[in-house]
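# Geometric and topological summary
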Amino acid sequence: MEKYIVGGGKKLEGMVRVHGAKNAVLPILAATVLSGDVCRIYDCPRLSDVSHTIKILETLGCRVLFSGSTLTVDATSADKWEIPEELMREMRSSIIFLGAVASKMGKARLCAPGGCELGNRPIDLHMKALRELGMTLSEENGFIEARADKMHSGDIHLSFPSVGATENIILSAVGLKGETTISNAAREPEIVDLCEFLIKMGADIEGVGTEFIRIKGVAHLHGAEHRIIPDRIVASTLMCAAMTTGSEIELLNVRSSHLGAVVSVLRESGAKIEFFKDKMYIRAPQKILPVDIIKTQVYPGFPTDSQSVVMAALCKSEGTSVIVENLFENRFKIIPELAKMNADIIQDGRVAVIKGNKLCGAHLRAMDLRGGAALVIAALGAEGESVIEGIKYIERGYEDFDKMITTLGGDIIKHKEAIGCGFKRE
Ligand code: UD1
């Protein structure tokens, strides 16, 4: 079992590059199946979630080559339509393969994703929309069987702009005869990236990035090359690392337009933030100011994925801040861990009230991806040493997280427990 040992209190400095976005690469890799051709994806992060997705692609009959940060997917011989249970269980977001596989192969069999570390993650919106497009879906013993032979275009209205449901509908509709529309679609940058990739593959999609998407089905899609957008959540994590350590750092490969809500909150906290093309400069204030209220919302509102790292930064503020988590209440699971570091947080359902305090090092356990990253951010700004277990969660979404922090001069070491002989330094 691996863990991070973090020395707190060291200022960060210098520049680090932000890798490609996990939440963009996963649906884009699912989309490669639709091409029946060779696709090349640049700036693909090396994450455990990407490794799981590659295993799924290989199971479907694709040949995959990962060289540096370029992933080549050859889907010319992809003809399988079943995804084994163990691969589905590894990663909840693999439900994104449902639309792509069923529409390409005519059928699909996969198991329902069930819960994940963020609690129960329903897929009712996916199922309802795909049924409205004529997909036959049956659920038995935890498995979903899909048939696409009666699928047709249609007008879908989402009662909530779910990211995954919007992606599943788009992946299903690009090859359907006629015009499909999605109203109240999700507008996240990762959906725009998926649509841009599909358009390069020959898809006809209008309204990309708006809440009303129009898809005209095409008979044939082909291979394409695409560079993944920068990961806005990784960028916000590093910005919060600058905040807790009172540092000045620069980030390379960022898009200011994707970071508006987080930048606004951190400026309210006293940070100086400037953008120069694809670079960002952040200088933390001497004293972090509290923020009246942060409410997580769908894009372009404040992202739920950045909530935990911002909470870690606010734990060190001079005053009281309030966070309302509207999407995944289980993100508050880190509160007891932060409390071990002397953080003063009171939770009532979806609301957390954070009173700024001095943080001290502690023995901590990561329980989800972004919460795990937030513990590292808090530990970097704490007095003394922290040990963070459960880093497999962090590695789902951050490529070489420890190396990003050490590049900035932070004190973090990854330890691997060698069976029977204590710890081994890496
Ligand atoms: C995606 C992101 C995740 C991010 C989330 C919200 C990926 C791989 N993951 O997850 O990092 O936190 O968007 O920005 O891109 N819901 C339903 N029924 C459904 C689907 C969703 O009730 O069928 C609810 C969920 O419980 C949640 C909310 O809708 O409360 C948002 O979920 P959704 O936008 O679907 O998130 P994901 O696509 O799972």
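Residues numbered from 1 in each chain as written. Predicted model: local features only at pLDDT ≥ 70, side-chain atom pairs only at ≥ 80, totals over all residues. Heavy atoms only, no water.

Its location among the elements puts serine 321 in strand E20 (residues 320-324). Separated by 3.0 Å, the side chain of serine 321 and the backbone nitrogen of valine 291 make a polar contact. (Helix = DSSP H or I, 4+ residues; strand = E, 2+ residues; numbered from the N terminus. Polar contact = N/O pair within 3.5 Å; in protein donor to acceptor, adjacent residues only side chain to side chain.)

Our next topic: the packing of aromatic side chains. Evaluated as defined, the whole model comprises two aromatic pairs. When the ring of tyrosine 398 is compared with that of phenylalanine 401, the centres are 4.7 Å apart and the planes differ by 35°; the resulting orientation is tilted. Ring pairing ties together the aromatic residues Tyr4, Tyr398 and Phe401, which thus form one cluster. Here arginine 46 stacks its cationic end above the ring of phenylalanine 66, 3.9 Å away from the centre of that ring. The cationic tip of arginine 109 hangs over the ring face of phenylalanine 143; the distance from NZ or CZ to the ring centre is 4.3 Å. (Phe/Tyr/Trp six-rings, centres within 6.5 Å; stacked < 30°, edge-to-face > 60°. Lys NZ or Arg CZ within 6 Å of the ring centre and 35° of its normal.)

Around the ligand sit 18 residues, and of these Asp124, Leu125, Ser162, Val163 and Asp305 come closest. The separation between an oxygen atom of the ligand and a polar main-chain atom of leucine 125 is 2.8 Å. Within the side chain of arginine 331, a nitrogen or oxygen atom sits 3.0 Å from an oxygen atom of the ligand. For the ligand, the protein covers 85% of the area, taking 730 Å² as the surface of the free molecule. Looking at the shell around the ligand, the elements that each hand over two or more residues are helix H5 (124-132), helix H6 (163-173) and helix H10 (304-314). Element by element, the count of residues in the shell around the ligand is highest for H5, at three residues. Of the residues contributing to the shell around the ligand, the split by class is seven nonpolar, six polar and five charged. Both domain 1 (2-19 + 230-425) and domain 2 (22-227) contribute no fewer than three residues apiece to the shell around the ligand. (Near = heavy atom within 4 Å. Areas by Shrake-Rupley, 256 points an atom, 1.4 Å probe, with all protein chains shown as cover. Nonpolar A, V, L, I, M, F, W, Y, C, P; charged D, E, K, R; others polar. Domains from an automatic or database assignment.)

If you check which residues of helix H9 (residues 260-268) are buried, you get Val262, Val263, Val265 and Leu266. All buried residues of H9 project into a common sector of 165° when viewed along the axis, lining one side. Looking one or two residues past H9, glycine 270 carries a phi angle of roughly 105°, positive in sign. (Buried < 20%, exposed > 50% of the residue type's maximum accessible area, 1.4 Å probe, protein only. Arc of directions from axis to C-beta.)

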